[in-house]
Structures are given as C-alpha cells and as structure tokens.
Amino acid sequence: MTFDFLYNTEFVLLLPLAILVLLGLRKKTSKKHLFFHALVAFLLILALAAPYSAEISSPKTNQSRLTIISDESVSMELFQKGVPENISEKLNSRLPVTITNLSGLPTSLGDAIIQQASPENYVLVVSDGQSNSGTSIEDALSYCYKNNFPVSALVPQILKEDLSVEIEGENELVIDNEAFFKLNIRKSTENEMRYQVRVTIDNKQVMEKEITQAGRIESINLNHTFDTLGPHTVKATLRPATINVKSLDYFEKNNQYMKSVYVTPKPKVLFVTNEPDSPLAHILNEVYDVYSSRSYGSLEGIDAVILDNQAASTISGSEVEALRKYIINGGGMVVVGGDASFDYPAENTYQKTQFEELLPVVSKPSSWRGGRNIVLMLDVSPSTLQSNNIGGRVLDDILSNAVVLLESDLLKDARVDVITFGSNGQDITNGFLDMSKESNRLWLDGEIRKIKPSGDSTSLERGLLTARNLLETQDRSAEAEIVIVSDGGIGNIDEGDNRFERAVNCADSLRESGIGIHFVHIHAPRTEYQVMPKGKYYPDLFMNKIGFSENYKKLEPGQRINVSFSDKPKESENKEDNYSSGSVIICDPKHFITRDLPEVTHDVLGYNEVTPKPEANRLVTTKLGKPVLTVWRLGLGRVAAITTDNGYGQGISWAPSLFSGNDSLMITRTLNWAVADTEMSENIQLKIPDLKVNQPGRILITTKKEGAPELYFDKKRMEITPIGNGMYESYVTPETFGLHKISEKPAGINQNEKFPYETFGVDNRSWRPASANCPDEYIYIGENSLFKTALLENGGKIYTKGDIYSRITTDSLTSTEKKAMAKVVYTKYILILAFLIYLIYTVYHTYNTRMK
C-alpha cells in the first residue's frame, strides 16, 4: 500500500497559517480557541491536497479456454484426419474450444504457437511437429515456457507409408577434386520397407542398389570427381520394390531429388615453403593450382597464400603490408607451423611482430585450465525466492556463484552451456559458448543476471536430462562436467513421490558415460525438501549415491563457489613429452571446417606453443588444450593458423597422420575455407542454393563491374537489388522440378527432363545451373522425433488419443492473475472531521459563554 497526495502545491497554504498562529500567540489570544481554529484550518488545507492511498492487488480467476492449432500442411496427409474436430466436438460442452488451422507452404508451426499462446489460453498442437519456416519450434516453446504460456500436443496416428530422398553436398566444387555427397532417405514410419535407389551424374548411372530400411532415416555416402568445368547434375531416384506404389509410398514427387553443381578451375595458391616435397605440398598439388616459391612476389590473381614454417626474420615489413592489404580485401592465408615459426626459434619468434598482428594467435604458451564441455545447471524453482537471512534471496546466491564461476580462470578455455531447472530444464544459451572469447563471457554474464524463478517445483531429473541431451551433441573425446548450483530442495514431497530416485538414476547413467557431476548446495534454512527425516541433506545423499561425494560442497549464504575439477588434465601436463598427450579433439563442431568432421584417430606428436586471440575461433586442440587449428576473419579475408608441422619435419615429424587418410580432411577443409571463393577470377560470382518448387529462393550476386548485372532465370529477367558494394540479391521462383538456367542471355528452353545432357562432360562456363526440388513438406515426413522432447523440456504435456479427454479438462484450468490498483481518496472524510471539530467546539464555546 502507498500513501500520497494528488495536489502537493496546496501545502503552501500552511505557511500563512503558521504566521497567523504565531501572531495569535503573541497577542495572547486564547490558546484553546487558537488551537481548534488552527486545527480546522489545517484539516481544510489537508483536504485541498486530496490525500489518497493506493493498493495493488492480484485477484486470481480460474478459467478454461482451449485453442487447438490444427496442422493442415501437406505432410499431415499421412496422418489420421479429423482429430481436431473430434476433440472440439467432445469437449465443447465442458469448456470453450477454438480451432486455428495452419495450412499452405511453407509450414510456420513455431510462429503459430507464439501467436496463440497466452496465460489465459491453453494451446493444444495437433501436428506431426514438422516446421520449416519462421520461428523454430524449440525457440517458440522456450518463449512460451519463459512466459508461463501453457502448450501441449497430440500427434495423430500415422496411417500412410512414404519415402523421400534428399542430397546433401556442396553446390560449387573444384575440378579434379573428390566431392562428397550424402543421400538421406527418410521414411514416415518404423515399419520395414524395401526399395531401390538409383543415382545418376550428368544422366549417367553411378549407383543402383536395393535397400531394406527399418529406421526412420538411411544415409548413403557418395564420392565423385568432376573432370570438366561448368554445370553438372547429381540426381537420386527411389523406386519402392512393389507394384502397388500408392499403398507403400503415398507421395511420388519426393521420390527424386536433383542437385546442381558448378565446377570451377583449381584455385591459384601461392605456396611459400622450404620443403616443396612435404605431405602438405602433396595435398596442395592435388587440390590447387600451386605456385611454389620462397618469396611473395605479386599476389594479383592469387586465391590464397600458404606460408609453411617461415621464420619471422624472412618476412619483411613490406611483405607484411602486402599481405595485410591482400587479406583485408578478401584474400585467404594459412600459416603452418614447425621448428622455425611461431614460438621457434626462441630468439626470433613471431611474438610482438607486425606479422603476428595478422594471425589469430600470439606466440606464447596457452595455459591449460579447462578444455572441457561444461553444463552449468542453475536452480530457479520458487523456493529460491526465500530469504537467505543476510538481506537477500537464495536466488541471489545461486546467480552470484554462477557469475563467479564464469569469471574464474577455471573456465577460461572451456565451452559452457547454462541451463536453468525448476519444473523443467531450460537452455538459456542455445548451445555451448567458447569462454576463451571475452564477448561470449560478457554476454553470458549479462544473461545470468536476468534469470528469474520459474516453474512450480524442483525437478533435478529434468535438468539432468536437458544437460545430457546437450552433451550428447558434443565431441565425445572431450571431458564433460555438470555443475549444479541449487538450494538443495530436491527431496521427495510425499510418500508416493519418487523424483529423488529418478534423479539418482539419471545421474548414474551420466556417470557411466564418463560425465563428471558437481553439486554446490546453497544452504537455506527455510528451504523445504532439502533435509531427510534422519537429518542428512538430500544433495549430500544424492552425490554419495552416484559416487561423487568428493564433489559435494555446502555453502552458507554469502559464501562463494570454489569448484576444482578432476586432476586428469593436471596429471597429463607432466606427460607432455609422452606422445599420447597429443590426442586431438574438436572444440567447435559447428564451424564450416569441423562440421561433421570424422574423429581424428591419430595423435599429434608436437606443436607450436600459441595462445588464441580473444576473437579467434579455437577449432581443434590436443587433449591438453594446446591449439592445433585456430582461425579468424580479418577484414574481408580469412586467416588460419595450423600450429603443427607440414607432416615432413626435421627428424621426427610432428603430425604425419594429419596429411594422410581421413585425418587429412581437416587440412583440406582448412585450405578450402581460406580460399573461400572459387570464383574470384570471374567477373560475376553467384551463390545458388537448392531451390524449392513454387517457393522464392535467394540468389547472391557479386560483380567486379559497375552497376547491377543483367541476368536471366530461364527466359525471365531477374529482378536484382543492391545490398552492398558490388553485392546484389535476387529472388527467383521455379515452377517445375529439375534443372534451370541462370545466364546473361535468356534460355531457349525450360531446363527440365528435356535438358540436352550431351552438353555435360565438356567445359561450359557460359551459364550457371539451379536445381529445383519439391518443398520441404514432402522431404521431412512422419513425426518429428525432436518435437515431443522439446515440448517436455519446456514444461509442455503430451496427450494420446486414449487419455486426452480424461486429462485435458483439468490441465487446461488456468489460474490468471490480473493486477488491479484500488485508490481511496480521503478528502470528504477530512472535511467531515473538520466540520465535526468546528461544530463541537462552537457548541461547547457558546454554551460556556452563556453560562457565565
């Protein structure tokens, strides 16, 4: 409740009143008479100021209102129809039901959820969970969870079988280089199905095989080397092994997929080396048009510069300046280490040189402090709002300890993901962040400080499940740790509750997977369900049961965290001369270079001691955290530092395995990333994705000429819009499946199945291919396996046809709080009081006067 006045200026009248009272006292007026008249005058002034009190109340109203999002997209043709209507018909007598239909191409299920969700509205999504446009389902459900918007789902029964095929791979390739493609064949059900897959390249069959598939997805790898320049096609076709196609393969249009490929000449690479016969040189000569040299010369027309083990003394100031301009204007550079570069020789390193300014690393040892994947689990259940008895809340201690841990050197080299758990586990970082980047650390610090309590209970199991799902996507060879910061209220609520036992079982499975667990218990005397009947703390028992008792720490309010991880890294530091310490791990699996990169199976036997700069990307390290591959962007260009040798070396080679077999893929991808644009020598450069029939696709255009180029998509002139210096974009909408043509002159025919394939196999760079395939609704079929998981992790409920009518009426009963301000003005009460005082005193004074 607050108390205030509507008109504060009226209090100015108190000044003349005070003067009159003083004058009355000096003239020796009756004090009683003066007091009552002054009191009445004061009350009148107070009434003029209009005092009032205001109280904000939050009355709760219980109501039920159900909105059904009915997914009517193409992919739902495989499922039972009429489910939303049946639910509405049976529930209409019990609660108000509204049906919202979602149809058309593409499917924006996440946007539909956000539009319909609200605290008063119970949303039921009847869908297969497939969404291919707008807000992702994960983001939409996360938004609803954070705002306490209830969302549930029912996936109808799937009735029809279907197959679809898709080809993954690059659309631009280099001539005479092995290209890697992946066929993804999806099936709508878990039922076993036989079919034949046929692959053609430039209308020539390269593969045909019969497959019996039981799982939802089958992947087939395909490698091919193109030996001619210009446009090419890769096409996959499915044919179910049955005469009655319609019964076992509902959609026919998704049984074929065409990928267009444009082959460019080998990029021109300047290779500065003292060892022209090294394994690195062998890889370069296979992939690129290599100019080996011991000096720089002109960089005109060069796509990338490779410096192999070059001493600082051999790089002049003018050469550094030439490299700087070259990189800033879009060139690429790869610097390879060895016994004469980076931190060697000791008297002449790269450290503090002008050349080092171009690199993503500095030539000094990187101190090993983490190198782990760490999930920080923060308890945000309602119990954390209780007082910590030192002037704050328990939540303040939890968040403060999280920030302290985040800012410690312990996590300097770690990759961290922060999740909160109350009733459910919630990922607030949307993936792991590299703590070696100061910008990531500062951003995460700010996000942690914004965290607010959520949920209605403490479910440690849900938090652990979310942590497990996050860690499963990371490199298994990297060490993984979970740090739980909680008030300890993780015990069972009553006899029938077994949430504590479920959490123990979940943690046991994590321990068996090699994941370490730490529990920081913020001791709050008022927190319920943290102490067992025998007086032992549930968190302590929890850590004992899973075999991590040494990792349990109990803090009193105001104390700060001091977690120390296992001794394994420290022990291994004493074994740096042991070759096993050179195991290679991938730190950032999302980068172009490391995405889907096979595990490096051999050790690196030596490396240069370097430290990544704050804004560089540490992609690959040894098990000890020593950088092996670090990259960054400089201006428009790209720079990579491979801080091991070229596979040749003097005496014992440091990294022979990185330049042979599957392990060499890391090197070739790094070189391709540095080259970046295989069309740099052409006047017009195009970036063309796989297009979808009847959906606009974005084409990026870069030109060296002044003004927008004139281009045609088949016979139609393209509408081109400038987006930057020499950069343009255009949206095209193909109307038919197959191959289409982008050129500076209109095409004579529509490039479909009638396309003259005899033009392939010869050099032809006069036009660019663009393939169009069926929309994603036909590619991603059946139930989205991640839909239910995302819903449960964000506090949602899953219904089945058998239990929805018995549960949803109660579940949809929502308690709504609406804030209302009640204001009471006291003016009339003060006037009544002034009148009564004046009346009583007047009667009293008159009576006494007459009596005398």
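This text follows the structure it describes.
Rules used in this analysis
- In every chain, residue numbers begin from 1 and rise along the written sequence.
- In view of the model being predicted, local features appear only for residues whose pLDDT reaches at least 70, and side-chain atom pairs are presented and counted only at 80 or more, with totals across whole chains, interfaces and linings using the full set of residues.
- Side-chain measures here rest on the full set of heavy atoms in the structure, leaving out hydrogens and waters.
- Only DSSP runs of H or I covering at least 4 residues are called helices, and only runs of E covering at least 2 are called strands; the numbering of each starts at the N terminus.
- Using a 1.4 Å probe on the protein chains alone, a residue whose accessible area is under 20% of its type maximum counts as buried, one over 50% counts as exposed, and one in between counts as partly exposed.
- What makes two residues a contact is simply this: any of their non-hydrogen atoms within 4.5 Å.
- Only the protein chains shown count as covering a residue, and every accessible area follows the Shrake-Rupley method with a 1.4 Å probe.
- Pairing between two strands requires that DSSP report at least two bridges joining them.
- Here an angle of 0 to 180 degrees is reported between the N-to-C directions of two axes, which are lines fitted to C-alpha atoms, with helices fitted over the stretch in contact.
- By definition here, a salt bridge exists when the distance from a side-chain nitrogen of Lys or Arg to a carboxyl oxygen of Asp or Glu is within 4 Å.
- The labels follow the angle: roughly parallel below 35 degrees, roughly antiparallel above 145, roughly perpendicular from 65 to 115, and oblique for the rest.
- Helix crossings are classified by the rotation of the near helix relative to the far one: an anticlockwise turn of less than a right angle makes the crossing left-handed, while a clockwise turn makes it right-handed.
- All residues other than Ala, Val, Leu, Ile, Met, Phe, Trp, Tyr, Cys, Pro, Asp, Glu, Lys and Arg, Gly among them, are scored as polar; the first ten of these are nonpolar and the last four charged.
- To pair, rings of Phe, Tyr and Trp, with the six-membered ring standing in for Trp, must have centres within 6.5 Å; the planes then decide the type, stacked if under 30 degrees apart, edge-to-face if over 60, and tilted in the middle.
- To qualify as a nonpolar core, a set must consist of buried Ala, Val, Leu, Ile, Met, Phe, Trp, Tyr and Cys residues joined through side-chain atoms within 4.5 Å.

Student: Hey, could you run me through the overall build of the protein in this one?
Tutor: Counting its secondary structure elements, the protein contains 19 helices and 44 strands. Residues counted as buried form 52% of the 852 residues belonging to the protein. For the protein, the proportion of contacts with a sequence separation of at least 24, taken over those separated by at least 6, is 75%. In the structure as shown, the protein presents an accessible area of about 40300 Å², 51% of it carried by carbon and sulfur atoms.

Student: Which parts of the structure should I look at to understand unusual backbone geometry?
Tutor: Residues other than glycine predominantly adopt negative phi, and peptide bonds predominantly adopt the trans conformation. Along the chain, Leu105 connects to Pro106 via a cis peptide bond; the corresponding omega equals -10°. On the secondary structure map, Pro106 appears in the loop between strand E5 (97-102) and helix H4 (109-116). Cis geometry marks the peptide bond from Tyr344 to Pro345, where omega comes out at -15°. Locating Pro345 in the fold gives a position in the loop between strand E19 (332-336) and strand E20 (361-362).

Student: Can you walk me through the sheet that holds strand E42 (residues 797-799) in this structure?
Tutor: Hydrogen bonding along the main chain pairs the strands of a sheet, whether they run parallel or antiparallel. As summarised here, the arrangement of the five strands in space is E5-E4-E6-E7-E42, forming an open sheet in which the pairing is parallel. Here the strands that pair on one side only, and so sit at the sheet edges, are E5 and E42. Each adjacent strand pair in this sheet contributes to an overall mean axis angle of 25°, direction not counted. With three bridges joining them, strand E7 (residues 151-154) and E42 adopt parallel strand pairing.

Student: For this particular structure, what's the right way to read the pairing of strand E21 (residues 373-379)?
Tutor: The two faces of a sheet get side chains in turn, since along a regular strand they alternate between them. With seven of its seven residues buried, E21 lies for the most part within the structure. Residues Asn373, Val375, Met377 and Asp379 line one face of E21 and the alternating positions Ile374, Leu376 and Leu378 line the opposite face, and both faces are buried. Judged from the six bridges that link them, E21 and strand E25 (residues 480-486) form a sheet pairing that is parallel. Each bridged residue has a counterpart across the sheet, and for Asn373 the counterpart in E25 is Ala480.

Student: I keep staring at the sheet that holds strand E32 (residues 637-642) and nothing clicks. Help me out?
Tutor: With respect to topology, eight strands assemble into an open sheet ordered E17-E16-E18-E19-E32-E31-E30-E28, the strand pairing being mixed. A single partner strand is all that each edge strand has here, and the edge strands are strand E17 (289-293) and strand E28 (584-586). Taken pair by pair, the neighbouring strands of this sheet meet at an average axis angle of 15°, ignoring direction. Relative to E32, strand E31 (residues 627-634) runs antiparallel, the two sharing six bridges. Bridge pairing links Arg633 to Arg638 in E32. Against the sheet, helix H7 (residues 279-287) touches strand E16 (268-272), E17, strand E18 (304-308) and E19, its axis set at about 165° to E16.

Student: So what exactly am I meant to see when it comes to the pattern of salt bridges here?
Tutor: Any two side chains of opposite charge can pair, on the condition that their charged atoms come close. Scanning all chains against the criterion turns up 17 salt bridges. In this structure, the salt-bridge partner of Asp396 is Arg393, at a minimum N-O distance of 3.2 Å. Residue classification places Asp396 among the partly exposed positions, given a relative accessible area of 30%. Put simply, Glu783 and Lys788 hold a salt bridge, and the shortest N to O gap is 3.6 Å. With a relative accessible area of 30%, Lys788 lands in the partly exposed category.

Student: Honestly, helix H5 (residues 137-146) in this entry has me stumped. Any pointers?
Tutor: In an α-helix, one turn spans 3.6 residues, which is why side chains three or four residues apart end up on the same side. Within H5 the residues assigned to the buried category are Ile137, Ala140, Leu141, Ser142, Cys144 and Tyr145. Among the residues trailing H5, Asn148 stands out with phi positive, at a value near 60°.

Student: I keep staring at the packing of H4 against H5 and nothing clicks. Help me out?
Tutor: The geometry of a pair of packed helices is captured by two quantities: the angle between their axes and the separation between those axes. Interhelical geometry of H4 versus H5 gives an angle of 15° and a closest axis separation of 8 Å. Accordingly, the angle class assigned to the pair H4 and H5 is roughly parallel. Note on packing geometry: the crossing formed by H4 with H5 is left-handed. Here Leu109, Gly110, Ile113 and Ile114 of H4 lie close against H5, whose contacting residues are Ile137, Ala140, Leu141, Tyr143 and Cys144. Of the residues contributing to the contact of H4 with H5, the split by class is eight nonpolar, one polar and no charged.

Student: Sorry if this is basic, but what is going on with the packing of aromatic side chains here?
Tutor: To describe a pair of aromatic rings, one takes the distance between the centres and the angle between the planes. Taken as a whole and judged by the stated rule, the model has 15 aromatic pairs. Pairing Tyr350 with Phe355 gives two aromatic rings, centres 5.1 Å apart and planes at 80°, and the pair type is edge-to-face. A relative accessible area of 1% places Tyr350 in the buried class. Relative accessible area serves as the criterion here: at 4%, Phe355 is assigned to the buried category. Ring geometry for Phe519 versus Phe542: centroids 6.1 Å apart, planes at 65°, classification edge-to-face.

Student: Looking at this model, I keep getting lost on the nonpolar core. Mind explaining?
Tutor: It is characteristic of soluble globular proteins that their nonpolar side chains tend to be buried jointly. Core analysis: the biggest nonpolar cluster contains 56 residues, and Ile113, Val125, Phe181, Leu183, Ile185, Val197 and Val234 have the highest contact counts within it. Considering every element that reaches this core, the biggest residue donor is strand E11 (residues 193-201), with five residues. Residues contacting Ile113, with those up to four places away along its chain left out, are Ile69, Val125, Ala140, Leu141, Cys144 and Val151. Judged by nonpolar contacts, the second largest core, of 36 residues, contains Leu619, Leu658, Phe659 and Ile667.

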